[in-house]
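As a plain string of letters, each chain reads:
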Amino acid sequence: MAGRGATTTSFASSREYDLTNLPAAIIAKKRDAKSLSEAEIRCFVEGFVEGSVADYQMSAFAMAVLLRGMTFDETAALTLAMLASGERLPRPSDGPPRVDKHSTGGLGDKVSLFLAPLLACQGVHVPMVSGRGLGLSGGTLDKLEAIPGFQCHLSDHHARHQLDEIGCFIVGASERIAPADRRFYALRDVTGTVESIPLITASILSKKLAASLDALVMDVKAGSAAFMKTLDEARSLARSIVLTAQRAGLPTTALITDMDQPLGRAIGNAIEVNETLECLDGAGPKEVIELTLALASELLVRIGSFTDAERARQSLCRSMAAGEVRERFERMIAMQGGQLLGALPLAPSHTIESDIDGWVERIDCETIGRCVVEMGGGRRQTGDSVDPSVGISLRVRIGDSVRRGQPILEVHAKRDWERHAAALATAIEY
């Protein structure tokens, strides 16, 4: 059943076009900065899913969009075409409100792992459809799959049962839910086409609309560790997402948050799960907990569960203090096959120390993220395996006073860490 206020979209028939020449013609049209019609976009996406549009053609299309952009109408058409490539999650008419959040990504962003069980403790359903890492930004599914046995793909029956039983799940986009995005997402990661506002908008909303939500909150990152480096870019992305979602019938708000340094201390897969466990008990990094509470409060007010954000926050904090959120997280992991017996094992530890006295003025997030990937903690191309035990723990944050010989980074890696030690040392700038 479609969500409340949802828009149903069907593909234009591919028989309207000569599919022998259509892909190249559409790519060329966008290359030349011309606007594509809704029918052209739908047909191109349909061809990609069915196989008449090859991966290399979709990659060329992505590059053309990155360089030439899309109008708002084109972005909305691409979003709805990707949504229509699959099914929507069934939605009973008398069930609890459904909500979700999405982050545009950044180093150390493990909020989704924390937020889903936190909101579920408030009597709402959180059917979270997430993705893998893009560029230097880690993916929620990669982090969860660091837990032995965790399954990110569930049957319809299992998903419905889990939602009814504990109020939340976190899964990947399947061949039935936004299959066009599932394949396109992987191509963008390895073709230098991540940082496109229309493509980011369509990717995010094709999954979120498929979940039949009552409300969505966006965490749009701005800063050196984000895809949107400037505040103006972040505002443009937030506007694109909010307006596109509203056109499709999904009430959406956006918070623009700082990503000039990693969120929290942990960067990697298993290490971020471990930090999430700390946050569930209220003992993790303050900035992670505060952001999660702000996003959750926004959603609860939006659906009318509370009249203001402070009342929502108080209720969320009570759930954390009572241990309810930690218990809900552990049940979610167990119901998805995961075996979480405590902190996850990490690769051997190596400490990098400061060679001067000073104050931390800047953290080079791109260097840190690149080093994690090159040490095996991320993907350089589709199909690369990921070592979940690889990661980095920050010992300092911007504004901290540092003494010579003080640890500034703790590197967890099985190989190649020495090759990156000098770059990592200079990533903390004084």
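Analysis parameters
- In this convention, every chain numbers its residues from 1, walking through the sequence in written order.
- Since the coordinates come from a predicted model, pLDDT governs what is reported: local features require at least 70, and pairs of side-chain atoms require 80 or more to be given and counted, while whole-chain, interface and lining totals use all residues.
- Neither water nor hydrogens contribute to the side-chain values; these are computed over all heavy atoms in the structure.
- For helices, the axis comes from a line fit to the C-alpha atoms of the stretch in contact; other axes are also lines fit to C-alpha atoms, and the angle between any two N-to-C directions lies between 0 and 180 degrees.
- Helix and strand assignments follow DSSP, with helices taken as H or I runs no shorter than four residues and strands as E runs no shorter than two, numbered in order from the N terminus.
- If you view the pair so one helix is near and one far, a crossing is left-handed when the near helix is turned anticlockwise from the far one by less than a right angle, and right-handed when it is turned clockwise.
- Two residues qualify as a contact provided that any one of their heavy atoms is within 4.5 Å of a heavy atom in the partner residue.
- Amino acids are sorted into nonpolar (Ala, Val, Leu, Ile, Met, Phe, Trp, Tyr, Cys and Pro), charged (Asp, Glu, Lys and Arg) and polar (every other residue, Gly among them).
- We count a salt bridge whenever a side-chain nitrogen from Lys or Arg sits within 4 Å of a carboxyl oxygen from Asp or Glu.
- When a residue's accessible area, from a 1.4 Å probe over protein chains only, is under 20% of the maximum for its type it is buried; when over 50% it is exposed; and in between it is partly exposed.
- Criterion used throughout: strands pair if DSSP finds at least two bridges between them.

Visitor: Just to check I follow, could you spell out the packing of helix H2 (residues 38-50) against helix H4 (residues 72-84) for this structure?
Guide: A packed helix pair is summarised by two numbers, namely the angle formed by the two axes and the spacing between the axes. One way to put it is that H2 packs onto H4 with a least axis distance of 9 Å and a crossing angle of 35°. For the element pair H2 and H4, the recorded crossing hand is right-handed. Across the interface between the two elements, Glu38, Ile41, Arg42 and Val45 of H2 pack against Glu74, Ala77, Leu78, Ala81 and Met82 of H4. When grouped by side-chain class, the residues that make up the contact of H2 with H4 number six nonpolar, no polar and three charged.

Visitor: Before we go on, may I ask you to explain the pattern of salt bridges in this structure?
Guide: Two side chains of opposite charge can pair, provided their charged atoms sit close to one another. One pass over the structure, following the stated rule, counts 28 salt bridges. The salt bridge involving lysine 29 is made with glutamate 40; its shortest N-O contact spans 3.1 Å. Placement of the pair is lysine 29 in helix H1 (residues 22-31) and glutamate 40 in helix H2, with a sequence separation of eleven residues. Residue glutamate 40 is classed as buried on the basis of its relative accessible area of 14%. Of the charged contacts in the structure, one is a salt bridge between lysine 208 and aspartate 100, with a shortest N-O distance of 2.6 Å. Of this pair, lysine 208 sits in helix H9 (residues 197-210) while aspartate 100 sits in strand S1 (residues 99-103), and the two are 108 residues apart along the sequence. We note that lysine 208, like aspartate 100, is buried.

Visitor: How should the sheet that holds strand S12 (residues 407-412) be read in this particular structure?
Guide: The strands making up a sheet associate through hydrogen bonds between their backbones, and the pairing can be parallel or antiparallel. A sheet is described by the order of its strands in space; here four strands give the open sequence S6-S10-S12-S7, paired in antiparallel fashion. The sheet is open, and its two borders are formed by strand S6 (266-268) and strand S7 (349-353), each paired with just one other strand. Geometrically, the sheet is characterised by an average inter-axis angle of 20° between neighbouring strands, direction not taken into account. The pairing of strand S10 (residues 391-394) with S12 spans four bridges and is classified as antiparallel. Looking across to S12, one finds that leucine 394 is bridged to leucine 409. Helix H11 (residues 270-280) rests against S6, S10 and S12 of the sheet, and its axis sits at about 145° to S6. Against the sheet, helix H15 (residues 365-377) makes contact with S6, S10 and S12, and its axis sits at roughly 150° relative to S10, the strand it touches most.

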